[in-house]
Structures are given as structure tokens and as C-alpha cells.
Amino acid sequence: MSLIMKISVLQILALCILDGVLHCQGWARHTFVVQETPYARLCSTKNILTVNGQFPGPTLHVNKGDTIVVEVHNKANYNITIHWHGVKQPRYPWSDGPEYITQCPIRPGQKFRQKIKLSSEEGTLWWHAHSDWSRATVYGAIVIHPKNGTSYPFPKPHAEVPIILGEWWKKGITELYNEFRESGQDPSVSDAYTINGQPGDQYPCSKSETFKFRVDYGKTYLLRIINAALQDILFFGIAKHKLTVVGTDASYTKPLKTDYIAISPGQTIDVLLEANQPLGDHDYYMAAKVYSSANGVEYDNTTATALLHYNVGNDNINPSSTPYLPNLPSYNDTNASANFTGSLRSLADDDHPVHVPLNISTPLIFTASVNIFACASNSTSCNGTRLAASMNNISFQLPSTDILSAYYYHIGGVYGDKFPSVPPLKFNFTADVLPAYLLTPKTGTEVKVIEYNSTVELVLQGTNLAAGTDHPMHIHGYSFYVVGWGFGNFDKDKDPLGYNLVDPPLQNTIAVPKNGWAAIRFKANNPGVWFMHCHLERHLSWGMDMTFIVKNGDHSDAQMLPPPPDMPRC
Ligand code: C2O
Ligand code: CU
């Protein structure tokens, strides 16, 4: 054996020993360099935060069950953390990423080696920054292929492509965020939506760079659609083409044929696209536009487009002909959004069984509200009141030491364990008019501690305080079954009778409909510290968040793994 070979074997062994595992083939390693990079959109150039200079960032390709390592280098001037959205990270919250929940930020000039531990996820997930609003431009796809020797539960598509929906502001994200913080009001609405980083030709200076997907007539394609927008649920469709939904949040669904999808920030939807339209003289637009349900709240009414282009017959395309636009539901069509989301069903076949908990040990009900605080007395920019948000009437305050290390190392004073199991104030949550005293929540950093292997049912109840709207709620460390949803107040006697316990969809993000509720179930078999929050960034920043601590079980394989040596320090 040559010296060089010995060294590399030793290095691999060292890596394996470090991680306490001997079988470590297939541990792909990646480097993410977070940096500032100039990008031109909408006729002007600004610096944005990127990973490796790319926008959207690099796609990670993995197989089901893999563990990969990503070394994140922060070469920007801002603190940063990276989250692997929807990756359950069994027993290993250390790499999960939310700032001040599971780690302190990676400071400028520092690096952090994160492990991405996949288990049952298969399909599409994504990664994004998880500190302030840096995720506006710091995001990319995670494509999880079936294990070698297994295949999709549908005919192999001819080709596949990530379709990442985003949101673009002409001003810098730091400026946007600071203005939002200072004003205490809604943030300025975006100047454009984007598809794979491009607004498309409905916007100025965007025509030549419009994302173009080339297809062959008669072939079927897999689109891995991700909503990475900061603030908005989006409608998406392709002119004159049906979409067949086959998965959401890295879990397969029963095929669902549809003209459009509604997709929440955080959610992924895999669709099959049959290129079956007559070869005419047109391209077809794929388009994304807002679904915005809050009365009186401004929204961005622009439409992002990309092109679907047939390879054969392109000779016929008259360059001046306008592509067909899809008909998408109108911006405030709550039924169109909720009906689509409510139509998703787990595949639920022999190879993809459903394990929805039937006996519930831990029933929980959390309200999600937009609220109002009086201005701080020393604030000059705040105009009488400022907007806030809460879960179970607590507006979540981020601590300055992360909750995970406080829990692991028994550091007191960082968080409390009094997050209520049911709403502390009972009222008609979805009434048209509500008394003003309900508007102001408490503040706190409260966690809900639950026993290992509890079977949890959590009813998320939207309220009409300040402004009723949809809340795409996301949990870290778990996927959950969405067993029911409805408008109005959850009725604990009647509504459970309508639950779907047979083939409920398995998701990590669920849009709780405007002035309605959603019931989710999961088994708490992943010990650790796991953030739960609304994935609308303004609501997250206002405090529509909470944290679960799932305790260790008795067996050593039911316990959290130790931290890596290079955890960022606070
Ligand atoms: Cu997409 Cu807390 O994350
Ligand atoms: Cu929300």
C-alpha cells in the first residue's frame, strides 16, 4: 500500500471514528461558502448573500437514508445559520440550524461542519438560511432520490428539474428587515416573484434571462417545486397543461390531477408534467402569483413567469407570438387554496405505509394570532402601536444563548418550560369582531417539554385578532400527518369524527386556513430541541413561534447524540 493510500484510508477512518460510525461510505462532503455577490434584477444591481456565488444556491443530490456533510464557511459580513428544511436529523438537532434555538450564529470568518442526516424522507426538500431574513436569497434544493435498487412509485420521468419560487426586493434585505423592525408595521411588499431566481418577462429587464424548460413532445417530466418566498403562499400553474401531484414535503401522495397548485413557504410539491400539447407556434408560461387572504394588508400583485418550450416544432415559433398564460385563482381565493391543500392524500400502499398515531397521549391546542403592542416609550419611528404575533398568547422572544445548549448543559435562565398545552384565553377565536383587550399577548421564551414516544395531536387554531390570515406552520425534526382541517373554531366533539386516519398526507408545513384550524399528529420519537413557527417571515419575526423539547428515551438509541466539537459559540 502506498503512503498516499495509507493517508487517505487513515483520514477516512478518522472521520468515521469522529462520527462514531464505522460504515461511512457515501458520505458526500460539500462546502458552502456564504458570501456577498452582485446580482442584477429589475434593471439594477445589488449585492445579495449567496452560497458559492450561486442564486438560487447549489442543489444537493442525495439518496434516501444518506448522511452528508456540509462545511459552511461564513465569508460575509453578517451572522448566518443554515437549516435543512424537512430533514428530521434523528437524534441530532445540533445541525438543524435555527439561530438561537439549536445553535449560535456562525460569525463572519467562522465555519461550521454540519451533518445532514436523512432517514425516511424521499422526494424534495430544501435548505435555507435561518437567521433574520437572510433566507431571502440563501436557499437551494435538496433532491432525495430513491435508494439504489428501488424506484419512484410512478414511471421514471424523462428528466426532472427543481422549480424554486422566490421573492425579490429592489432594496437590500438588511435594509428591508431593519425598516420592518423599526416601523413596527407590515414590511414593504416585494417588487417581484421569481422562478429559479428569475422574475420572467412580465417585469422590466428580465426577458433575456427568463428561466426556460425545454421538453420533448410525448415525454413526462418531474418538477420539484419549492416555495422559498419570504412572505407569501403562491399559486402556480402551467398554461394548457395539467399537473399531476405525486409528492409533498418528501413524502409520496396519491396522484392528484390539477390545473394549479397552492404552495406555502416551506412546502415542496412534486408534480409530473406530460408534454402533450399540440406543437403549435407558442411557448407556454409557467407562472406563480400571490395568494393573500388578510383584509387590508398590501400584497405584491405581480406574476413571475418561466417558459415551457417544446424542442420539436420550435421552427414554427413566431418570435413575436406571446406565450399562453395559465389561469390562476384570484389573489384572495381562500377556497382555491384550502381545497387544493385539503385534497392531498398519502400514497398509503404496501411500500409506503401510513403510521398515523391512533391513541393520543398528548393532546395539544395552539392558537396562532397576529397581535398589537404599544410602542416602546423611547421609539421615535413607531407610530402608536406595532404589530406582533403569538402562539397560545405568547409572543416568542429569541434568547441570546441557544435553547439546545441551555438544555444540554443545564444552563438556567435561558428559557421557561411553561408553554401552555391549550389556549390560556378562551374566546370565539374566529369572530368578526373581538374585544381590544385580547389583542396584546404576553412575551416569553417558553418551551413545551414532551416525553419520548408520546403520541401527539396538535390542533393549530387561527384567530381573527388584528387580521385573520393563513399561517403556514412548520415544525423542525418531524413530519406530521394532517388528519383534519376546517374553517371556524375547532370543535373537539364533532371535528375528530371527520378525521382522515387512513391516508392523511405526511408534511412538515401545513397552511392553517384563514380563520380556520388544522389538526396534525406525530409520534415524538426524535429527542431534541425543535422549533415550530409560521413560515411567513414577518409572523416568525413577530413571535408566532414556539419550541418543543422532546426528552430522551431510556434506550441509548433513543437519546440525543453528543454535539460536534465545532459548534459556533455565542
Ligand atoms: Cu424552513 Cu424554521 O424553517
Ligand atoms: Cu403566520
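A brief structural summary. These numbers were taken from a predicted model, which means no experiment stands behind them.

The rules behind these values
Residues numbered from 1 in each chain as written. Chains lettered and ligands numbered in written order. Predicted model: local features only at pLDDT ≥ 70, side-chain atom pairs only at ≥ 80, totals over all residues. Heavy atoms only, no water. Helix = DSSP H or I, 4+ residues; strand = E, 2+ residues; numbered from the N terminus. Contact = heavy atoms within 4.5 Å. Lys, Arg positive; Asp, Glu negative; His and termini not counted. Charge placed at Lys NZ, Arg CZ, Asp CG, Glu CD. Buried < 20%, exposed > 50% of the residue type's maximum accessible area, 1.4 Å probe, protein only. Pairing = 2+ DSSP bridges. Phe/Tyr/Trp six-rings, centres within 6.5 Å; stacked < 30°, edge-to-face > 60°. Lys NZ or Arg CZ within 6 Å of the ring centre and 35° of its normal. Arc of directions from axis to C-beta. Axes fitted to C-alpha atoms, helices over the stretch in contact; angles between N-to-C directions. Donors = N, O, S within 2.8 Å, 3.2 Å for Na, K, Ca; no water. 1 Å grid on protein atoms, 1.4 Å probe; cavity = no way out; pocket = protein on both sides within 12 Å on 5 of 7 lines; lining within 4 Å. Points joined across faces, edges and corners; volume = space filled by probe spheres on them. Nonpolar A, V, L, I, M, F, W, Y, C, P; charged D, E, K, R; others polar. Core = buried A, V, L, I, M, F, W, Y, C linked by side-chain atoms within 4.5 Å. Polar contact = N/O pair within 3.5 Å; in protein donor to acceptor, adjacent residues only side chain to side chain. Salt bridge = Lys/Arg side-chain N within 4 Å of Asp/Glu carboxyl O. Patch = residues over 30% accessible without salt bridge, like charges linked within 9 Å, V, L, I, M, F, W, Y side chains within 5 Å. Areas by Shrake-Rupley, 256 points an atom, 1.4 Å probe, with all protein chains shown as cover.

## Looking at the overall build of the protein chain
Moving on, step 1. Counting its regular elements, the protein chain contains 5 helices and 32 strands.
Moving on, step 2. The principal-axis extent of the C-alpha atoms belonging to the protein chain is close to 75 × 70 × 50 Å.
Moving on, step 3. Contacts in the protein chain between residues at least 24 apart in sequence constitute 79% of all its contacts with a sequence separation of at least 6.
Moving on, step 4. Averaging the locations of the 43 positively and 49 negatively charged side chains of the protein chain gives two centres separated by 4 Å.

## A closer look at the pairing of strand 25 (residues 455-462)
Moving on, step 1. Along strand 25, 8 of the 8 residues are buried, which leaves the element largely enclosed by surrounding structure.
Moving on, step 2. Alternating residues of strand 25 divide into T455, E457, V459 and Q461 and V456, L458, L460 and G462, and every residue in both groups is buried.
Moving on, step 3. Relative to strand 25, strand 20 (residues 362-374) runs parallel, the two sharing 7 bridges. Note that in strand 25 the partner of T367 across the bridge is Q461.
Moving on, step 4. Two elements, strand 25 and strand 30 (residues 516-523), share 7 bridges in a ladder whose sense is antiparallel. Residue pairing across strands places V459 opposite A519, the latter belonging to strand 30.

## Concerning the packing of aromatic side chains
Working definition: an aromatic ring pair is given by the centre-to-centre distance plus the angle between the planes.
Moving on, step 1. Under the definition given, this model contains 29 aromatic pairs.
Moving on, step 2. With a centroid separation of 6.3 Å and 50° between ring planes, the pair formed by Y260 and F340 is classed as tilted. Of this pair, Y260 sits in the loop between strand 15 (251-258) and strand 16 (261-263) while F340 is found in helix 3 (residues 334-341), placing the two residues 80 residues apart along the sequence.
Moving on, step 3. Here the aromatic residues F366, F419, Y478, F522 and F548 are joined through ring pairs into a cluster of three or more.
Moving on, step 4. The ring of W168 has R41 lying over it, and the distance from NZ or CZ to the ring centre is 5.7 Å.
Moving on, step 5. Between K117 and the ring centre of Y92, over which it is positioned, the NZ or CZ distance is 5.5 Å.

## Describing helix 2 (residues 173-183)
Moving on, step 1. Of the positions making up helix 2, those classed as buried are I173, L176, Y177 and F180. Axial view of helix 2: buried residues confined to an arc of 95°, hence all on one face.
Moving on, step 2. In this fold, the buried residues of helix 2 make contact with helix 5 (537-542).
Moving on, step 3. Of the residues one or two after helix 2, G184 is the one with positive phi, at around 70°.

## A look at helix 3
Moving on, step 1. The buried fraction of helix 3 is high, at 6 of 8 residues.
Moving on, step 2. Inspection of helix 3 places T334, A336, S337, A338, F340 and T341 among the buried residues, and these make up the whole buried set.

## Description of the sheet that holds strand 18 (residues 284-291)
Moving on, step 1. Strand order in the open sheet formed by 5 strands is 11-19-18-13-16, and the pairing between neighbours is mixed. The sheet is open, and its two borders are formed by strand 11 (212-215) and strand 16, each paired with just one other strand. Each strand axis lies, on average, 25° off the axis of its neighbour in the sheet, ignoring direction.
Moving on, step 2. By the bridge criterion, 6 bridges tie strand 13 (residues 233-238) to strand 18 in an arrangement that is antiparallel. Bridge pairing in strand 18 links F236 to A288.
Moving on, step 3. Across the sheet, helix 3 lies against strand 13, strand 16 and strand 18, angled at about 90° from strand 16, the strand it touches most.

## Thoughts on the coordination of the copper ion (ligand 2)
When a metal holds four donors in a tetrahedron, each ideal angle between them is 109.5 degrees; when it holds six in an octahedron, the ideal angles are 90 or 180 degrees.
Moving on, step 1. Summarising the metal site, the copper ion (ligand 2) is bound by the protein donors H471 (ND1), C534 (SG) and H539 (ND1), whose distances to it range over 2.1 Å.
Moving on, step 2. Here the donor residues of the copper ion (ligand 2) share one chain and are spaced in sequence as H-x62-C-x4-H. Of this pair, H471 sits in strand 26 (residues 471-475) while C534 sits in strand 31 (residues 528-534); the two residues are 63 residues apart in sequence, bridging distant segments of the chain.
Moving on, step 3. For H471, a relative accessible area of 1% puts it in the buried group.

## Observations regarding the layout of surface pockets
Moving on, step 1. Computed from the structure, the largest pocket encloses a volume of approximately 950 Å³.
Moving on, step 2. Sorting the residues of the lining of the largest pocket by element identifies strand 15 and strand 30 as the ones contributing at least two each.
Moving on, step 3. Residue contributions to the lining of the largest pocket peak at 3 residues, all from strand 30.
Moving on, step 4. Of the residues in the lining of the largest pocket, the class split is 16 nonpolar, 12 polar and 11 charged.
Moving on, step 5. Lining the second largest pocket are 33 residues, with Y177, R181, L540, S541 and W542 positioned closest to its centre.
Moving on, step 6. The set of elements that each furnish at least two residues to the lining of the second largest pocket consists of helix 2, strand 21 (385-391), strand 22 (394-396) and helix 5.
Moving on, step 7. Each residue belonging to the lining of the second largest pocket can be placed in one class, and the counts come to 16 nonpolar, 10 polar and 7 charged.

## Digging into the nonpolar core
Side chains of nonpolar character tend, in soluble globular proteins, to be buried together.
Moving on, step 1. Residues I163, F236 and I261 are the most contacted members of the largest nonpolar core, which totals 57 residues.
Moving on, step 2. The element that contributes the greatest number of residues to this core is strand 18, accounting for 6 residues.
Moving on, step 3. Contacts of F236, omitting those with residues within four sequence positions, involve I163, L165, I195, I225, L243, Y260, I261, M286, A287, A288 and L328.
Moving on, step 4. Counting residues in hydrophobic clusters, the runner-up holds 41 residues, among them A136, M391, F419 and W530.

## Brief notes about the side chain of H130
Moving on, step 1. With respect to the helices, strands and loops of the structure, H130 is situated in the loop between strand 7 (123-129) and strand 8 (139-145).
Moving on, step 2. Among the polar contacts listed, one links the side chain of H130 to the side chain of H533, at a separation of 3.5 Å.
Moving on, step 3. With sequence-adjacent residues up to four places away left out, H130 is seen in contact with T81, H83, G97, P98, E99, H476, F531 and H533.

## Comments concerning the pattern of salt bridges
Moving on, step 1. One pass over the full model with this rule turns up 15 salt bridges.
Moving on, step 2. Salt-bridge contacts for D216 lead to K219; the nearest nitrogen and oxygen are separated by 3.9 Å.
Moving on, step 3. One salt bridge in this structure joins K551 and E451, with 3.0 Å as the shortest N-O distance. With a gap of 100 residues between them, K551 in the segment after strand 32 (545-550) and E451 in the loop between strand 24 (447-450) and strand 25 connect regions that are remote in the sequence.
Moving on, step 4. What emerges from the salt-bridge pattern is a single network uniting E160, R224 and D270.

## A short note on a nonpolar patch on the surface
Moving on, step 1. A cluster of nonpolar side chains, contributed by Y217, L279 and V312, occupies part of the molecular surface with about 280 Å² of accessible area.
Moving on, step 2. Structurally, V312 is set in the loop between strand 19 (304-310) and helix 3.

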